[in-house]
Structures are given as structure tokens and as C-alpha cells.
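# Coordinate analysis (summary)
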Amino acid sequence: MKSNLDKATDFEKRFENVDTVIFENSKKASKEVAKEIANLIKVKQSQKQPCILGLATGSSPKGLYAELVRLHKEEGLSFKNVITFNLDEYYPMEPDSVNSYVRFMKELLFDHVDMIPENYNIPDGTLSKDEIAAYCANYEAKIEALGGIDLQILGIGGNGHIGFNESGSLQNSKTRLVALDHITRVAASKDFSGLNNTPRTAITLGVKKIMEAKRVILLAWGEGKSNIIRASVEGQVTNQVPASFLQEHNNAVFVLDKEASSKLTRINTPWLVEKIIWTDKMVRKAVLGLAMHLKKPILMLTDADYIENGMSDLLADSGPAYDINIEIFNKLQNTITGWPGGKPNADDSKRPERAEPAKKRVLIFSPHPDDDIISMGGTFIRLQQQGHEVHVAYQTSGNIAVADSEALRFASFVCDYNEKFGIQSPDAGKIYQKAIKFLENKKASEIDIPEVRYIKGLIRKGEARSTAHYVGLPDSQIHFMELPFYETGAIEKKPMGEEDVKITMDLISQIKPHQIYAAGDLADPHGTHKVCLDTIFEAVKRLKSEKFMDDCWLWLYRGAWQEWGVDEIEMAVPLSPDQVLEKRFGIFKHQSQKDGVVFQGTDSREFWQRAEDRNRETAEIYDQLGMASYAAMEAFVRWKY
Ligand code: F6R
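Quick caveat: nothing in here was measured; it's all calculated off a predicted structure.

On to helix H17 (residues 498–511). Across its 14 residues, H17 extends 20 Å between first and last C-alpha, which sits within 8% of the 20 Å expected from 1.5 Å per residue. Asp500, Val501, Thr504, Met505, Leu507, Ile508 and Ile511 are the residues of H17 that are buried. One side of H17 holds all its buried residues, which, seen down the axis, span an arc of 165 degrees. Along H17, the residues that are exposed and aim more than 90 degrees away from the buried face are Glu498 and Gln510. Lining the buried residues of H17 we find strand S11 (361–366), strand S12 (389–394), strand S13 (478–480), strand S14 (515–519) and helix H18 (528–543).

Given below as C-alpha cells:
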């Protein structure tokens, strides 16, 4: 498989025990995988043979299926000779349920190509327990009778599972009923409205049949997968990481985007792989990495430390260690500022922000209604206290993350209130009555009716407004954008649309900010942050020629799930213990997101706890590297457009 980005030689890939190909992004990668599948289908057609494909579900193959559909519709690729076997299905599961893999496959692929319906096979989630063993044996026998799987597509779980072969699965495991790991269930819980409704078991193709496939292509996208990819590709073969079994397959490839590959040795620490050209960025990354690895302050690193850790050529080029240390120390020191909007009347040649204008217009974009306070609450408060004109813009309504019980509570409140005080508002009354009726009869995973979504959105709006008031903003500086891409009522969002960009451009043009803050978080589990960021990038690109944009700097903070690497940080805003508490109370305004939120992710801490841990950890890293000691720090990267 070819990638324009990844031209690494075998020597450079020597830490990797299985073939890996890295693409610029998942779209380009999916296209390339689709091309390989299309070629195989055509070769089989010319041989008058069926093409046996093993298929996966989940978020990873979605782009691939979209491309296969395109190849069918626009380039006439026929699927008449294709026979498919899906890896797995939840158990129990009705095929027409919203979360069934049957439905997933039909909606994303089967219904849009000319496949013969009898030719697709997906484990049956409706069997009784005592029918399963025979059914599974038969599933395997059917594959064998067709000569085995020609090409198997896989995703990878956070624990390294392939199919639903969780950690601990044997390399010769058969197709069977399995219990799902907690981490797998947590990842799936977003589709099932919470962990309690998430299945505990599934039927999965065993590792043995996967290993017998003639070709295996594993897809992984995003930073969230980077650690498990490294373990699977460079680590030992172990049943704790079932994807590592693929190291022993003779025709397997891991297809990655840049983010998923970011922890591979050749990407993360390329100087350990071959001689490199030491750019400033690379020196900073290597030196800070060395200091953290050795748990030493930067200024305590010695020549021997450099030499013994694969950095002797850097030392030869720019050493001795003392000189390199000083340079990196100063650079890191200069990222720290208590003046995120710039320090008036101060020399700003080494500060992250400009001193002028002393009073800046600031626009903070918050993808969900609580990202502003969770991710940059301390900076938000400081900017306001230091007299800047701070605006906050909530990009989406965030309505999907409100529990039904919350919506019911608010709807009943309005109805009871109206009844008690005899308030006659027939239309409003109807909305709330309808919502209550719907919620009381709602089936698991049913999509909310617009009235319920509206109530859920109102709840989050109230919370966001309350935080912004707490920080000290007047209503005129609080903006609710309600970007249309988000309003599907389902987990699956629409792609960025023209209207989203227009709303964003209008707001930026109206405020003419000197600073924009945006969530640069690509690890958000359901992709909303990514669309929100793309919308801002697009808006900024289109506005670039406007005069006011010459003075507009774009700062990226990270969302709730991850922090910037210390080598990337360009502005670090320290928080005192009191400021940490102040931020915590700001986060508390988001009551609907406390105590077991709908989208917990794989982390069971509440948002305020995550925020505090993360900000404390950043401060601890700075401290360990030899900087001043602070209670907490918020970190930013400047995006030059
Ligand atoms: C799905 C499957 C799973 C997923 C894995 C990754 O059929 O077998 O192994 O491939 O959980 O899921 P995503 O792609 O959603 O990250």
C-alpha cells in the first residue's frame, strides 16, 4: 500500500514488528484501502471467483465504506461476487435495533451497493444461549468452505482488542460468545445512552480465523489510539494486546493516520532511529523528553545524559550540554505568563502575547457549553479580571449530553409551576406536556423529539450563561451559536456545512477580536470538537484578507480529554490554589454534567477532577523541569494561519 507521506525505509521501521503505513489523514488512508479492496474484487471477478471479505464496524471503517459506496456509484465497482463475514455483533441484539451491527452495515454499505443480500453474514444476536456454540462452529465452517477470508478489515480497541477478542484472548481462540471488557463497554456506552444499557456480551469471530485470513488490514485513527498502536506494533506479542498477534501474520498491515502513529519510535523519537536534521522544534522535544525521562531539571542534564540517550550528534552539533540546556530552559521559561492577554507597558519581545493593545477584544470559542471553563477557566477569569473585553461563544447546544431524567425534571417543573399559578400558555404548555409524554415512554436509544432536544439545550444554555455570569461577563458578550451540523439528535453529526462557517465568520467579523481561543482537541470521542475547530479554521481562512485579522492571534487550548505535550506549549498560564478553587466553582455551574454524565468516555472522573488533575500535572512537569512551582497551569499553542 502506498502513502505519499510515509516513505520510511525498512531500516527506519526497524522498531516495528509488523508493516505500518502512515497517511496524512484517515480520508486519504481509507481511499487507499478501498482501492486495494476494489482491485481484489476485480481480480476475483476476472477469475470468476467470489471475493471473501471480513468486515468490521465501529468508527474506523466508516470512511472506507463511504469510499466503497462511491466507487460503486461513480466508478461502477460491482459487489455481485462479494461475500462478507462481519467480525462481531452484540449479544443479545435485534437486527433492526439502532445499535445493531446489521443496521450499521446496511446503512453504511450493503444498502448502497449491488451486493446479493444472501451474501452477507453477521453473527446473529437473537439466538438463545444454547444455540450459540453450534451457530459459531457453523459460521467458521461456512468461511472455510469458501476457502477462507481473502481480506480482513479490523479496527482496534483501546485495550488492543480485535473483533471483540478482548485482552486475555488466546491466539487460537474460536468464534464464540464473549464478555465485553469494561473499557469496551464504556467506549460503546455513548451509543447506548449510558453504561447501564450497554450490552455485556457479544459474539465474535475468534483470533484463529482472523489470523488465517490471507490479508489483514487494521485501521486506526486519532491520538487516542496512539499508545495501543505502539504497544501492538513495537511491543511483545502478548494476549494482553490481541492486536500484537498480527506481528506473526505474514501479510498484515497497520494503516494509520498521523495522530495514531505519533507514539511510534520513528515518529516520536526519530533520533533513536537514524541521523536527523535537528530543527529547533526537534531539539526542544528531545531535550525536554530527555529531562522528563531522567526526571532531572533541564539545567542538570550532562553531556553523558545526551550521549547515553542517543543524542550525541546533537551534542556534537550544538553542545556542550550546558549551552543547549540554557537555550531550552529560557524558551520554556518564556512560555509562562500570568498575562494571557499581554502585559501592558512591559517588554513583550520574549512574552507569548503582545503588550498592545493593552485592552484586547477576546473571543473564546467553546465547542460544548462547558469546554471554556473546564479547559481554560483560569485564563478566562484572568482575561476578564485584567480588563479585556471578553466574549464567549458556545458553538453547539450540547443538548445530546443531557440525561432524560434531567429533561423530565425541568419539564415537570414548568408544568407544575404553570398549574399552580394558573399560567395559561397553551403553546408552551403543549411543548412541555409532549416532552414529558415522550420521555416517559422513550425506548432505549430512541432519538429525542425536537421538543425534548429543545429542553435539553435550554438546560445547558442556562448552565453556560451562569458560568459566564460567574466570570463577570454581561449578556451582550455571551453568544449561543447553535451550529446546525450538531443538531441531528444523534451521536452521529453532520459534516461541517456552509451555514456553520457563515455563522462563525459573522461572529468573528462582528467582534473583530485581537485574540481567538479555540479548542484544538482532536481526541474528543465523538468528533464534535474537530468539526468546531475545522469551522473556525475555515472561517479564519476566508476572513484572512480583512484588515482586522492582521491583529488577530489564534490560540488553541485542549478540550477535556488531553493536554498539549510540554514541547508544544507556547503559553502556560499559572493558577494559584485560590484560582484553582475559583475555576472549580465555575465548572460546578454545569450541574447536568455532574454525577455520571451521559458521555463519560473511558475516564470515570468528573470534569472538574479531570481539569484539576491535568492542570496540576502540567504545573508539576514545569516544576520538575526546573521552572517555578505553581499549583496548576493551563496550556496553549498558537496557530499561525
Ligand atoms: C467492530 C470491532 C471492534 C472495533 C474496535 C474499534 O466490529 O470488532 O474491534 O473495531 O472496537 O472501534 P472504533 O473503530 O469505533 O474505534
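Back to the write-up after that little detour.
With that out of the way, let us pick up the sheet that holds strand S5 (residues 120–121). The strand order across the open sheet formed by seven strands is S1-S10-S9-S6-S2-S3-S5, and the pairing between neighbours is parallel. Whereas interior strands pair on both sides, the edge strands pair on one side only; in this sheet they are strand S1 (19–23) and S5. Bridge count between strand S6 (residues 151–154) and strand S9 (residues 216–220): three bridges; the pairing is parallel. Each bridged residue has a counterpart across the sheet, and for isoleucine 153 the counterpart in S9 is isoleucine 217. The strands that helix H4 (residues 132–145) touches are strand S3 (82–86) and S5; relative to S3, the one it contacts most, it runs at about 150 degrees. Lying on the sheet, helix H7 (residues 226–234) is in contact with S1, S9 and strand S10 (252–257); it crosses S10 at an angle near 155 degrees.

On to the site of the ligand. By nearness alone, 13 residues border the ligand, and Thr57, Ser60, Asp88, His161 and Lys225 come closest of all. In this structure, an oxygen atom belonging to the ligand sits 2.5 Å away from a side-chain N or O atom of lysine 225. Protein coverage of the free-state accessible area of the ligand, which is 410 Å², stands at 86%. Residue composition of the shell around the ligand, by class: three nonpolar, eight polar and two charged.

It is worth spelling out the nonpolar core at this point. Ranked by internal contacts, the top residues of the largest apolar core, which has 76 residues, are Leu68, Ile153 and Leu218. Ranked by residues supplied to this core, first place goes to helix H1 (residues 26–46) with six residues. Leave out the neighbours within four places in its chain, and isoleucine 153 touches Val33, Ile37, Gly54, Leu55, Ala56, Pro61, Leu64, Leu87, Ile217 and Leu219. Trp278, Phe485, Val501 and Val540 belong to the second largest nonpolar core, which has 59 residues in total.

Bringing the pairing of S14 into the picture now. Within S14, five of the five residues are buried, which leaves the element mostly enclosed by the surrounding structure. Burial of S14 is two-sided: the residues Gln515, Tyr517 and Ala519 facing one way and the residues Ile516 and Ala518 facing the other way are all buried. As judged from the three bridges shared by S11 and S14, these two strands associate in the parallel manner. Bridge pairing in S14 places leucine 363 opposite isoleucine 516.

Here we take up unusual backbone geometry. For the peptide bond that leads from tyrosine 91 to proline 92, omega is -5 degrees, which places it in the cis range. Considering the arrangement of structural elements, one finds proline 92 in the loop between strand S4 (88–91) and helix H3 (101–108). The amide bond that connects glutamate 356 to the next residue, proline 357, takes the cis arrangement and shows omega of -10 degrees. Considering the arrangement of structural elements, one finds proline 357 in the loop between helix H12 (321–333) and S11. The backbone of glutamate 482 sits at a positive phi, close to 45 degrees, despite the residue not being glycine. Turning to its location among the elements, glutamate 482 is positioned in the loop between S13 and H17. Assessed through its relative accessible area of 41%, glutamate 482 is described here as partly exposed.

With that settled, the discussion passes to the packing of helix H2 (residues 62–75) against H3. At a minimum axis separation of 9 Å, H2 and H3 run at an interaxial angle of 40 degrees. Regarding the angle of H2 to H3, the classification is oblique. Contacts from Lys62, Tyr65 and Val69 of H2 reach H3 at Phe104, Met105 and Leu108.

What follows deals with the pairing of S1. Most of S1 sits out of view: four of its five residues are buried. Direction of pairing for S1 relative to S10: parallel, over a ladder of five bridges. Residue aspartate 19 lies in a different strand from S10, and its bridge partner there is valine 253.

What follows deals with the domain arrangement of the protein chain. A common way to state how big an interface is: give the accessible area lost once the parts meet. Partitioning the protein chain into structural domains gives domain 1 (19–266), domain 2 (276–333) and domain 3 (361–639). The distance between the C-alpha centroids of domain 2 and domain 3 comes to 38 Å. Facing the 12 residues of domain 2 at the interface are nine residues of domain 3. Summing both sides of the interface, domain 2 and domain 3 together bury roughly 970 Å²; the carbon and sulfur share of this comes to 67%. Ranking the residues of domain 2 by area buried against domain 3 places Arg284, Met292 and Leu332 at the top, with a combined share of 49%. Counting across the interface, domain 2 meets domain 3 through zero salt bridges. Linking domain 2 with domain 3 are six residue pairs in polar contact (both at pLDDT 80 or more). Those elements that provide at least two residues to the side of domain 2 that touches domain 3 are helix H9 (280–294) and H12.

In this section: the side chain of threonine 20. Relative to the helices and strands, threonine 20 is located in strand S1. With a relative accessible area of 0%, threonine 20 lands in the buried category.

Looking now at the pattern of salt bridges. For the structure on display, the rule yields 43 salt bridges. Taking the shortest distance from any N to any O, the salt bridge between arginine 542 and glutamate 538 comes out at 2.9 Å. Remark: glutamate 538 and arginine 542 occur in helix H18; sequence separation between them is four residues, near one turn of the helix. Residue class for glutamate 538 comes out buried when judged on its relative accessible area of 18%. A network of salt bridges, in which partner residues are shared, links Lys31, Glu67, Arg70, Glu74 and Glu75.

What counts and how
- Residues numbered from 1 in each chain as written.
- Predicted model: local features only at pLDDT ≥ 70, side-chain atom pairs only at ≥ 80, totals over all residues.
- Heavy atoms only, no water.
- Helix = DSSP H or I, 4+ residues; strand = E, 2+ residues; numbered from the N terminus.
- Expected span 1.5 Å × (residues − 1).
- Buried < 20%, exposed > 50% of the residue type's maximum accessible area, 1.4 Å probe, protein only.
- Arc of directions from axis to C-beta.
- Contact = heavy atoms within 4.5 Å.
- Pairing = 2+ DSSP bridges.
- Axes fitted to C-alpha atoms, helices over the stretch in contact; angles between N-to-C directions.
- Near = heavy atom within 4 Å.
- Polar contact = N/O pair within 3.5 Å; in protein donor to acceptor, adjacent residues only side chain to side chain.
- Areas by Shrake-Rupley, 256 points an atom, 1.4 Å probe, with all protein chains shown as cover.
- Nonpolar A, V, L, I, M, F, W, Y, C, P; charged D, E, K, R; others polar.
- Core = buried A, V, L, I, M, F, W, Y, C linked by side-chain atoms within 4.5 Å.
- Parallel < 35°, antiparallel > 145°, perpendicular 65-115°, else oblique.
- Domains from an automatic or database assignment.
- Buried area = accessible area lost by both parts, 1.4 Å probe.
- Salt bridge = Lys/Arg side-chain N within 4 Å of Asp/Glu carboxyl O.

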